[in-house]
Amino acid sequence: MIVRFSLMLGIFIFTSACGTGQLNNTNEIDSLSKALTPELKEKYAAQIKIKYEQLLGNRFSGQIVISKNGQIIFEDYKGYANMADKTPVTAETPIHLASISKTFTAMLVLKLWEQKQIDLKDLVTKYLPTFPYKSVTIEQLLAHRSGLPDYTYLMDPPKYITVKTKNKRGKWVSKQQLDPKAKNYKESNYNNQDVLDFLSKKRPKPQANPDKVFKYCNTNYVMLALIVEKITGKDFPNYMHETIFKPLKMEHSFVFSDSLKSRYIPSYTDKSIPYKIEKYDLIYGDKNVYSTAKDLLIWDNALRGASFLTQATIQMAYEPKSPLTKDYHNYGFGWRMILAPNEDKLIFHNGWWHGNNTVFTRFIKEQITIIILGNKYNKTIYKGKQFASVFTGKVDSTGTDD
């Protein structure tokens, strides 16, 4: 049974169903691989409900799904997918995942590696000959150890000026037009090839030498998407659909691209102002996967089993690729992680793009998954890891808001 709560339910459910104590008695569960009893699911759900109202309250717009042992314990859908016509957010509403999209790009590359179509030690130039940073490898892109500059800080928008022209009635009117003196600007939206062309022509200074330090950089995953296209001979959005979304029956997931431009789904500022499509919105690999919380749960379950990649490959992706930081944070291949001593391995990725704040938090041993997808800007969403305390009885002491 799935326990779903309306926002109108009160504290009564909590007090009548579960009393007042934290649920940290592991004797209540015979085995992590076994189904939770309906009574235990109700207890967990009631505590999550209280924390949900305290943490996100009426400010939240989006989807939340929390599962334990592969079973949904709590879910809710709140706010509007389209604020203009008051279309509500539902379980089927696709929401921009922002950088959670990188988990799909990375696993797609590792699938090609399993199929022996790519070597992670290969130089990027083997697949993208015009790529100007000659010593960067595939695995350095995956682990954000390439030192590449981030395109989002480099590729400027088109330059416009105001000019006065006469209309048909002979009246002078002001008009915006592209500045003819501006060079190397593109009036339409950028795509992945534009990013590569920019790097090739401008050769911006890298942030660091390859494999010296961890530098989170969106450019890495833009290049990976181009490499997937080069190897497969298929455009990245369609290959993602054929290889991941369709086989796993992720029916509400897709990669946004130029062909879907007319169906752009806006997100919103915290003042409910919609974001219009802008210069970077057709670039994929680093972002641009739209999905739902339930589809992400399918993705989570696929990675916990062996229906997409072998467990050996998945474990390789979860291994830290850089020295541990003082707060035990690290990055593998497409995944952030926290590897604190005597704690369950936390594999996660957050995202932010325009008004979308997203959380995909996965406790591996405890089989706890927390998915929160917001379409109205709300930084509090990044505190979603706190829901795990309902199951573990432990207060969150490490942040995941990066």
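Just so it is clear, the structure is predicted and the values come from calculations on it, not from any experiment.

The rules behind these values
- Residues numbered from 1 in each chain as written.
- Predicted model: local features only at pLDDT ≥ 70, side-chain atom pairs only at ≥ 80, totals over all residues.
- Heavy atoms only, no water.
- Helix = DSSP H or I, 4+ residues; strand = E, 2+ residues; numbered from the N terminus.
- Expected span 1.5 Å × (residues − 1).
- Buried < 20%, exposed > 50% of the residue type's maximum accessible area, 1.4 Å probe, protein only.
- Pairing = 2+ DSSP bridges.
- Phe/Tyr/Trp six-rings, centres within 6.5 Å; stacked < 30°, edge-to-face > 60°.
- Contact = heavy atoms within 4.5 Å.
- Axes fitted to C-alpha atoms, helices over the stretch in contact; angles between N-to-C directions.
- Parallel < 35°, antiparallel > 145°, perpendicular 65-115°, else oblique.
- Left-handed = near helix turned anticlockwise from the far one by under 90°.
- Nonpolar A, V, L, I, M, F, W, Y, C, P; charged D, E, K, R; others polar.

Participant: Sorry if this is basic, but what is going on with helix 8 (residues 293-304) here?
Facilitator: Side chains that are three or four residues apart share a direction in an α-helix, a result of its 3.6 residues per turn. When the terminal C-alpha atoms of helix 8 are compared, their 17 Å separation across 12 residues agrees well with the 16 Å that a helix rising 1.5 Å per residue should span. Taken as a whole, helix 8 has its buried residues at Ala293, Asp295, Leu296, Leu297, Trp299, Asp300, Ala302 and Leu303.

Participant: Just checking my understanding: could you explain the pairing of strand 1 (residues 62-68) for this structure?
Facilitator: In regular strands, side chains alternate between the two faces of the sheet. Burial within strand 1 is extensive, with seven of its seven residues counted as buried. In terms of strand pairing, strand 1 meets strand 2 (residues 71-78) through seven bridges, oriented antiparallel. In the sheet register, Gly62 faces strand 2, and the bridge partner there is Lys78. Connecting strand 1 to the next strand, strand 2, in antiparallel fashion are two residues, including Asn69 with a positive phi near 55°. In this sheet, strand 14 (residues 368-374) lies alongside strand 1 in antiparallel orientation, the contact comprising seven bridges. The residue bridging Lys68 from the neighbouring strand is Ile368, located in strand 14.

Participant: Would you explain the packing of aromatic side chains in this entry?
Facilitator: For any pair of aromatic rings, the description consists of the separation of the ring centres together with the inter-plane angle of the planes. In this structure the tally under the stated criterion is 17 aromatic pairs. Ring centres of Phe104 and Trp299 lie 4.5 Å apart, and the angle between their planes is 20°; on these two criteria the pair is classed as stacked. On the criterion of sequence distance, the pair formed by Phe104 in helix 3 (residues 101-114) and Trp299 in helix 8 is long-range, its members being 195 residues apart. Trp299 matches Phe104 in its accessibility class, with the two residues each being buried.

Participant: How should I be thinking about the environment of Leu141 in this particular structure?
Facilitator: Here Leu141 shows up in helix 4 (residues 138-142). Sequence-distant contacts of Leu141, defined by excluding residues within four places in its chain, comprise Val124, Val136, Ser146, Leu148, Asn220, Tyr221, Met223, Leu224 and Ile227.

Participant: Before we go on, may I ask you to explain the packing of helix 3 against helix 7 (residues 236-245) in this structure?
Facilitator: Each pair of packed helices can be summarised by the angle the axes make with each other and by the distance between the axes. Direction vectors running N to C along helix 3 and helix 7 enclose 75°, while the axes themselves pass 11 Å from each other. With respect to helix 7, the element helix 3 is oriented roughly perpendicular. Together, Phe104, Thr105, Leu108 and Leu112 of helix 3 and Phe236, Tyr239, Met240, Thr243, Ile244 and Phe245 of helix 7 make up the contact between the two elements.

Participant: So what exactly am I meant to see when it comes to the sheet that holds strand 8 (residues 254-255) here?
Facilitator: Strands belonging to one sheet form pairs held by backbone hydrogen bonds; the direction of such a pair is parallel or antiparallel. Read across the open sheet, the three strands follow the order 5-9-8; overall the sheet is antiparallel. Either end of the sheet is taken by a strand with one partner, and the two such strands are strand 5 (95-96) and strand 8. Two strands pair when backbone bridges link them, and strand 8 and strand 9 (residues 289-291) are joined in this way by two bridges, in the antiparallel orientation. Within the sheet, the bridge partner assigned to Phe254 lies in strand 9 and is Tyr290.

Participant: It is not clear to me how the packing of helix 5 (residues 192-202) against helix 6 (residues 218-232) should be interpreted in this structure. Could you clarify?
Facilitator: Running from amino to carboxyl end, helix 5 crosses helix 6 at an angle of 115°, the nearest separation of the two axes being 9 Å. Classed by the angle they form, the pair helix 5 and helix 6 counts as roughly perpendicular. Between helix 5 and helix 6 the crossing geometry is left-handed. Facing helix 5, whose interface residues are Asn192, Gln193, Val195, Leu196 and Leu199, helix 6 presents Thr219, Val222, Met223, Ala225 and Leu226. Residues of the contact of helix 5 with helix 6, tallied by class, amount to seven nonpolar, three polar and no charged.

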